[in-house]
Amino acid sequence: MQAQPHSSLPTQPHRLMPITERPAEVFVRGDGAWLWDAAGRRYLDWLQGWAVNALGHCPPQLARALQAQAGLLLTPSPALYNLPSLQLAERLCAASGMHQAFFGSTGAEANECAIKLARKWGRLHRAGAAEIITFENGFHGRNLATMAASGKPGWDELFPPRMPGFAKARLNDLASVRALLSERSVAVMLEPVQGEAGVRPATREFLQALRALCDEHGLLLIFDEVQTGCGRLGQLFGFQHFGVTPDILTLGKGLGGGVPISAVLAQAHACVFQHGDQGGTYAGNPLMAAASLAVMEEIGRPEFLAGVRARGEQLRQGLLAFSARHGLGEVRGEGLLMALELGSDCAAAVVREARQQGLLLNAARPHCLRFMPRLNSSVEEIALGLELLEAAWQAQAATAAPLN
Ligand SMILES: Cc1ncc(COP(=O)(O)O)c(C=O)c1O
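Residues numbered from 1 in each chain as written. Predicted model: local features only at pLDDT ≥ 70, side-chain atom pairs only at ≥ 80, totals over all residues. Heavy atoms only, no water.

**A closer look at empty space enclosed by the protein**
Threshold: Buriedness of a pocket was judged along seven lines, with at least five required to meet protein on both sides within 12 Å; pockets are open sets of points on a 1 Å grid over the protein atoms alone, cavities are sets where a 1.4 Å probe fits but cannot get out, and lining residues have an atom within 4 Å of a point. Grid points are joined across faces, edges and corners, and a volume is the space filled by probe spheres set on the points. Nonpolar residues are Ala, Val, Leu, Ile, Met, Phe, Trp, Tyr, Cys and Pro. Charged residues are Asp, Glu, Lys and Arg, and all others, Gly as well, are polar.
Scanning all chains against the criterion turns up 2 cavities of 30 Å³ or more. Within this model, the largest cavity holds a volume of roughly 70 Å³. As for the largest cavity, its lining consists of Leu144, Met147, Ala148, Trp155, Leu158, Phe159, Pro161, Arg162 and Met163. In the lining of the largest cavity, the residues fall into 8 nonpolar, no polar and 1 charged. Considered as a void within the structure, the second largest cavity measures approximately 40 Å³ in volume. What lines the second largest cavity is simply Ala51, Val52, Ala54, Val226, Gln227, Gly229, Cys230, Arg232, Lys253, Gly254 and Leu375. Taken together, the residues that form the lining of the second largest cavity break down as 6 nonpolar, 3 polar and 2 charged.

Structure below.
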């Protein structure tokens, strides 16, 4: 079905705060792999809400779950139990081997909660130690604590005073972690694959060594799996891909498949919250929990995860061939979270041309493209995306070529 052009769109200039650069198109409808703008143009969407729409846009099972729950119970109160949140906590703990869950709405909120949990644990078990070792180029969210935990270049300067308590090590460099250890340390926190940094994976050896280091020194290991969790790497949780189990795990994005829900899961020894330590008006609200149950039902199937791995391999092979054809750089990532180094700062231009060709892409860095298709992508969709990328590259190269 073609979307009809909308006659009632707000005129420019609009009244949204200017938080980021956006293209002029206004998007009005999504279905599976596809997004439509208000002019009726269709785009193959490899942003998928920033690795959020695990099952694509508006998947029917998610829509059905939302409709059913919307007619039953929306928000009883975070101070009352509701069935979907109890069921979701049970399901996530059973699947991950964790002991308890807390639900929030965003990844930043889940990470902030993990930080609080670690600080509380430090007060109880490490004589008040509260410093968390995090990583250069890491990304944990945009509230004040998670900005301080992040290692995004330039963020130290924003919104002073900066929240103290986060020392920065380098990914895949155990000596840089060791050098920061002190009696103040309480935890090490990282993304198993740094997503916003341009899909930079930790090595299995590094994560195993970190686990051993944390055990040796009595520290908690926290994995931020807001981007890598919920099937994105081809396993239900990223930690399963690496064979390293954290003490605390955070989830977001794909957990709701397009609706805002996030989670903190913790092993029994790290479950130290008492009444009053944590909360939130929408914490574990049944509408989002019911949606997440529908998404997890689908993602948790072994055949589904095998599909993610197969399409991930198809994408990797396609990107390797594309890179070889044009003399570009490294292809990195796992499952359906991939990046391609372009060798020059032309990623924004490629993204622009790709949009013209009908493909939505992300420039994670000026020199690097990131690919986040829906997890249930078909063989044909991956092939089409690669074709559109080729067309975008050629158009970009033609524009960039000097006239003679
Ligand atoms: C690894 C990671 N952690 C945390 C966040 C923040 O999540 P949210 O934007 O839902 O607060 C993101 C968002 O991109 C992320 O990739």
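**Topic: the pattern of salt bridges**
Note the cut-off: Only one rule defines a salt bridge in this text: a Lys or Arg side-chain nitrogen within 4 Å of an Asp or Glu carboxyl oxygen. Numbering of helices and strands starts at the N terminus; helices are DSSP runs of H or I of at least 4 residues and strands are runs of E of at least 2. Burial classification: accessible surface area is computed with a 1.4 Å probe over protein chains only, and a residue below 20% of its type maximum counts as buried, one above 50% as exposed, and the rest as partly exposed.
Considering all chains together, one arrives at 17 salt bridges under this definition. A salt bridge links arginine 211 to aspartate 247, with the nearest nitrogen and oxygen atoms 3.0 Å apart. A residue pair is termed long-range when its members are at least 10 positions apart, and arginine 211 in helix α7 (residues 204–217) and aspartate 247 in the loop between α8 (238–242) and β11 (248–251) qualify at 36 residues. According to the relative accessible area criterion, arginine 211 is buried, its value standing at 14%. With relative accessibility at 4%, the residue aspartate 247 sits in the buried group. Look at the salt bridges and you will find they share partners, linking Arg200, Glu330, Arg332 and Glu341 into a network.

**Details of helix α11 (residues 347–357)**
Rule in force here: We call two residues in contact when some of their heavy atoms are within 4.5 Å.
Taken together, the buried positions of α11 are occupied by Ala347, Val350, Val351, Glu353, Ala354 and Arg355. Those residues of α11 hidden inside the fold are in contact with β3 (42–45), β15 (359–360), β16 (362–365), β17 (368–371) and α12 (379–400). One or two residues past the end of α11 sits glycine 358, with phi positive at roughly 95 degrees.

**Describing the site of the ligand**
Note the threshold: What makes a residue near a molecule or strand is one non-hydrogen atom of that residue sitting within 4 Å of it. Think of a polar contact as two N or O atoms within 3.5 Å of one another; within protein, one of them needs to be a possible hydrogen donor and the other a possible acceptor, and neighboring residues in sequence only count if both atoms come from side chains. All accessible-area figures derive from a Shrake-Rupley calculation using a 1.4 Å probe, and residue coverage is judged against the displayed protein chains alone.
Near the ligand you find 13 residues, and of these Gly107, Ala108, Asp224, Gln227 and Lys253 are the closest. Contacts to the ligand include glycine 107, whose backbone N or O atom sits 2.8 Å from an oxygen atom. The contact in question runs from an oxygen atom of the ligand to an N or O atom on the side chain of lysine 253, over 3.1 Å. Summarising the interface, the protein chains cover 82% of the accessible area of the ligand, which totals 390 Å² for the free molecule. Sort the elements by how many residues they give to the shell around the ligand and helix α4 (residues 107–125) lands first, with 3 residues. The residue makeup of the shell around the ligand, split by class, is 3 nonpolar, 6 polar and 4 charged.

**Quick notes on the confidence of the model for the chain**
This is how the line gets drawn: pLDDT: the predictor's confidence for each residue, scored from 0 to 100.
Across the chain, the average pLDDT comes to 95, with 96% of residues at 70 or higher. Counting interchain partners and residues more than four positions distant, the pLDDT-below-50 stretch residues 1–5 has 11 contacts.

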